[in-house]
Amino acid sequence: MSTDVSIYHKKTTEAEDNPAYDINPSDWMDEHKMADGALPLAKLTTTGTPSSSTFLRGDGAWASPSKSAHTYVIYKIGSTYYAVKHDGTILSNSNLETGLMPDVFTNMPNGGDILFKNEAADGDYSIAQRIDMSGLDNFNIYGERGARIFLAASRPEVPANREIFYANGLTNSKIKGLILDGNYANSSAWTGVSAYGNIHLEGNCSNVDIEGNDILNAAMYGVFVSAYAGDTIENVNTQKNRFVQGGMWNSIYYLVWDAAGYGIKGCDISFNDVQDFCDIGICVGQALGGTVENVNVHHNRIHNGNLSATLGSSNPPAIFGIRFEGVVKKSSCHNNHGWLLRQGWADDAYGSNNVVHDNTFANDISGGSGVDIIQVMGTAEKIYSNILYNGKAWAAGIHMYGGTNVVENNTITKTGGSDVVGITEHPDFDPNDNVYKNNDVRTCDYKITLADGTGQIHSGNLGNGD
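We now turn to the structure provided with this report. Not measured: the values here are computed from a predicted model. (Residues numbered from 1 in each chain as written. Predicted model: local features only at pLDDT ≥ 70, side-chain atom pairs only at ≥ 80, totals over all residues. Heavy atoms only, no water.)

1. As for the side chain of Asn-336
Thought 1: For Asn-336, the location among the structural elements is in the loop between strand S30 (332–334) and strand S31 (337–339).
Thought 2: For Asn-336, a relative accessible area of 1% translates into the label buried.
Thought 3: Asn-336 has contacts with Val-297, His-298, His-299, Asn-300, Ile-322, Asp-358, Asn-359, Thr-360 and Phe-361, leaving out every residue within four places of it along the chain. (Helix = DSSP H or I, 4+ residues; strand = E, 2+ residues; numbered from the N terminus. Buried < 20%, exposed > 50% of the residue type's maximum accessible area, 1.4 Å probe, protein only. Contact = heavy atoms within 4.5 Å.)

2. A short note on the nonpolar core
Thought 1: Core analysis: the biggest nonpolar cluster contains 81 residues, and Ile-114, Phe-116 and Phe-165 have the highest contact counts within it.
Thought 2: One finds Tyr-184, Ala-219, Met-220 and Tyr-253 within the second-largest nonpolar core, a separate group that totals ten residues. (Core = buried A, V, L, I, M, F, W, Y, C linked by side-chain atoms within 4.5 Å.)

3. Focus: the sheet that holds strand S9 (residues 125–127)
Thought 1: The parallel open sheet is built from eleven strands, whose spatial order is S9-S12-S14-S16-S19-S23-S27-S31-S34-S37-S40. Each edge of the sheet is formed by a strand with only one pairing partner; in this case those strands are S9 and strand S40 (411–414). Each neighbouring strand pair of the sheet contributes to a mean axis angle of 10°, computed without reference to strand direction.
Thought 2: Pairing analysis gives three bridges linking strand S34 (residues 360–362) to strand S37 (residues 387–390), with the strands arranged parallel. Residue pairing across strands places Ala-362 opposite Tyr-389, the latter belonging to S37. (Pairing = 2+ DSSP bridges. Axes fitted to C-alpha atoms, helices over the stretch in contact; angles between N-to-C directions.)

4. As for the pattern of salt bridges
Thought 1: By the definition in use, this model includes ten salt bridges.
Thought 2: Among the ionic pairs, Asp-124 bridges to Arg-148, the shortest N-O distance being 2.4 Å. Taken together, the residues span a long stretch of sequence, with Asp-124 in the loop between strand S8 (113–116) and S9 and Arg-148 in strand S12 (residues 148–151) at a distance of 24 residues.
Thought 3: According to the relative accessible area criterion, Asp-124 is partly exposed, its value standing at 26%.
Thought 4: Here Asp-445 ties to Lys-414 by a salt bridge, and the two come within 3.1 Å at their closest N and O atoms. Here the residue Asp-445 occupies a position in the loop between strand S42 (435–437) and strand S43 (446–449), and Lys-414 occupies one in strand S40, the gap between them amounting to 31 residues. (Salt bridge = Lys/Arg side-chain N within 4 Å of Asp/Glu carboxyl O.)

5. Focus: unusual backbone geometry
Trans is the prevailing form of peptide bonds, just as negative phi is the prevailing case for residues other than glycine.
Thought 1: Here Trp-394, not a glycine, exhibits a phi torsion of approximately 65°, which is positive.
Thought 2: The phi torsion at Asp-419 lies on the positive side, around 55°, for a residue other than glycine.
Thought 3: With respect to the helices and strands, Asp-419 occurs in the loop between S40 and strand S41 (421–425).

6. What about the environment of Ile-210?
Thought 1: Checked against the element boundaries, Ile-210 lands in strand S15 (residues 195–211).
Thought 2: Assessed through its relative accessible area of 0%, Ile-210 is described here as buried.
Thought 3: Sequence separation of Ile-210 and Gly-177 is 33 residues, and the distance between their C-alpha atoms is 9.0 Å.
Thought 4: Contacts of Ile-210, omitting those with residues within four sequence positions, involve Ile-175, Ile-199, Leu-201, Val-223, Asn-237, Thr-238, Gln-239 and Asn-241.

7. Points about the pairing of strand S13 (residues 163–176)
Thought 1: Where strand S10 (residues 131–132) and S13 come together, two bridges link them in parallel fashion. What sits directly across from Ile-131, in S13, is Phe-165.
Thought 2: Bridge count between strand S11 (residues 140–143) and S13: three bridges; the pairing is parallel. The partner of Asn-140 across the bridge, within S13, is Lys-174.

8. Digging into the pairing of strand S20 (residues 250–257)
Thought 1: With respect to burial, S20 is a largely interior element, seven of its eight residues being buried.
Thought 2: The pairing of strand S17 (residues 218–227) with S20 spans six bridges and is parallel. By the bridge assignment for S20, Tyr-221 is matched with Asn-250.

9. Focus on the environment of Trp-62
Thought 1: Locating Trp-62 in the fold gives a position in strand S4 (residues 62–63).
Thought 2: Trp-62 gets classed as buried once you look at its relative accessible area, which sits at 17%.
Thought 3: Put simply, Trp-62 and Gly-48 are 14 residues apart on the chain and 4.9 Å apart in space, counted from C-alpha to C-alpha.

Structure below.
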């Protein structure tokens, strides 16, 4: 303790007890000045017990430092990043992605977690290349509200590094509550600073939740989950995130490449808000082998704003809401709400036994020709209880390419234009054994048009004269 303590005596003792005595400040003198640090701790009025592991609070109490509920808390002061462990250990580095975070991961106990503090006063958490979490197990990473990780303008033009979080193998983990900004400039071509995928998981990943993040300005993919030869992606869930320009290609993309047996299974994509994308909002697919099975896409809001006008005619957006590509089986698309789109949902000829129900889709993107709102190329699909708003000439509410499908209890409403189609079968495919029941196509110019296939059944459809 360092302060000046002065002890004063009056120059005279005359009439000290006299209340009328006129005390003049000039009558006081500095007799003694206490030396700095001369007051021992024992002389202070305190509570608690002082020790090497306690500190003196402002209220005079000796207390132990409070421990964080998180294994590591990440924060930034000036240009330096710090990681404070719950036991008081402090790591620091001027480089977040290749300096501090590898040290944190090396010292992370099983079941540990990380909290990124919101350090708005000191700028964002700026990185020049991806943060690699490969091989971690039983690990969670959280963001305090407002904490943003941002790709700096100096990042290298190496596609493999165009990610914010990357993992080749991640299990029993969570990424939650962060703002992940890929620094894409909203131009008409994929050039310059941008994220390949703000979050990219590949290899064998299981039991991972990507939840409650703001995923912004990604060039190609907002969340990219991919399985390659021999890999399995299982129970990797993307939920309750907000995507704003979350991918010039796909905001959410689950993809199998050459995977043997099951590639992706048992995943949930739900309650996301997906907006301002250029190609596909949510895509679940397979290419060159492998299988996607038991993936549920539900309760998402998928819509486009003014991105199409910004991009211009040099890069016209496809703007498909949800697509199942390749061998996608026993999966579902339900209770999604999509607008300012060209297409709501479509599958591939190799798809089967999928269920599409209780969605609301509109092909109401301004400009350009319309695309069928629901396009069915697979077999044994069930399409029911969807509400579709069709305002494009020669676009169908539901367009059937495949056979042995069931289409029932859907409502297709014409919202403008002419030559609007309710339900149609493609004449070049002549699908067989499709069932159409209790659909409402009353407002459409062309109600239900069947091809030259066999075994079609239609009954109880409103407006079709059944």
